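Given next are the chains, with one letter for each unit.
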Amino acid sequence: MAKSDKGFDVDIVTPQKLHFSGEVVSVIAPGQDGLFQVMKNHAPLLSALKGGKVRLSLADKSEKTFTISDGFFEVSGNKAILLTESVS
């Protein structure tokens, strides 16, 4: 469960392992029609992703960046899951 009042929980998962699990303030991901951003209290969403960079803004004001292959991104109830074949 998110600890800060601005954060929400995100998991980045491949078939091999869980690459990231934690609280973030925002996620910027490469949707099929372009980049989109998700923040706390976002409406439920299911989006197809194309390969590219995913940027996580963490609660401590740092950032993490991952390069993903195609996948899917689901948001529901301040919990997001990004499913992809590969992460680097």
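The preceding data block contains the structure.
Every value quoted in this text rests on a predicted model; they were computed, and no experiment measured them.

Calculation criteria
Residues numbered from 1 in each chain as written. Predicted model: local features only at pLDDT ≥ 70, side-chain atom pairs only at ≥ 80, totals over all residues. Heavy atoms only, no water. Helix = DSSP H or I, 4+ residues; strand = E, 2+ residues; numbered from the N terminus. Rg over C-alpha atoms; globule rule 2.2 N^0.38 Å. Buried < 20%, exposed > 50% of the residue type's maximum accessible area, 1.4 Å probe, protein only. Contact = heavy atoms within 4.5 Å. Areas by Shrake-Rupley, 256 points an atom, 1.4 Å probe, with all protein chains shown as cover. Lys, Arg positive; Asp, Glu negative; His and termini not counted. Charge placed at Lys NZ, Arg CZ, Asp CG, Glu CD. Pairing = 2+ DSSP bridges. Core = buried A, V, L, I, M, F, W, Y, C linked by side-chain atoms within 4.5 Å.

Q: So what exactly am I meant to see when it comes to the overall build of the protein here?
A: Summing up its helical and strand segments, the protein has zero helices and eight strands in all. Mapped in sequence order, the helices and strands of the protein form the string β-β-β-β-β-β-β-β. The C-alpha atoms of the protein give 12 Å as radius of gyration, which agrees with the globular expectation for 88 residues (12 Å, within 12%). For the protein, with 88 residues in total, the buried portion stands at 38%. Within the protein, residue pairs in contact and separated by at least 24 positions form 41% of the contacts whose partners lie at least 6 positions apart. With the model as given, the accessible surface of the protein reaches about 5,200 Å², and the carbon-plus-sulfur share is 53%. Between the mean site of the 10 positive side-chain charges and the mean site of the 10 negative ones, the protein shows a separation of 6 Å.

Q: Where do I start with the environment of T65 in this structure?
A: Topologically, T65 is positioned in strand β6 (residues 63–68). Taking the C-alpha atoms as reference points, T65 and K40, 25 residues apart in sequence, are found 19 Å from one another. Excluding residues that lie within four positions of it along the chain, T65 makes contacts with K53, V54 and R55.

Q: It is not clear to me how the pairing of strand β1 (residues 8–13) should be interpreted in this structure. Could you clarify?
A: Look at any regular strand and the pattern is simple: side chains alternate between the two faces of the sheet. For β1, a buried count of five out of six residues is recorded, marking the element as mostly surrounded by other parts of the structure. Here β1 runs beside strand β2 (residues 18–31); their pairing, made up of six bridges, is antiparallel. Counted as the bridge partner of F8 is V24 from β2. From the end of β1 to the start of β2, which pair antiparallel, there are four residues. One ladder, built from five bridges, connects β1 with strand β8 (residues 79–84); its direction is parallel. Paired with D11 across the bridge in β8 is I81.

Q: Can you help me understand the environment of I68 in this one?
A: By secondary structure assignment, the location of I68 is in strand β6. Residue class for I68 comes out buried when judged on its relative accessible area of 5%. Once the C-alpha coordinates of I68 and V87 are considered, the two residues, 19 residues apart in sequence, prove to be 4.6 Å apart. If we ignore the near neighbours within four places in the chain, the residues touching I68 are P30, L49, K50, G51, G52, V54, L82, T84, S86 and V87.

Q: How should the nonpolar core be read in this particular structure?
A: Side chains of nonpolar character tend, in soluble globular proteins, to be buried together. Ranked by size, the top nonpolar core spans 20 residues in total, and within it I12, V24, V27, L56 and F73 carry the most contacts. Every element with two or more residues in this core is listed here: β1, β2, β3 (34–39), β5 (52–58), β6, β7 (71–76) and β8. The leading source of residues in this core is β2, at four residues. Excluding its chain neighbours within four sequence positions, the residues that come into contact with L56 are I12, F20, V24, S26, V27, S62, E63, K64 and F66.

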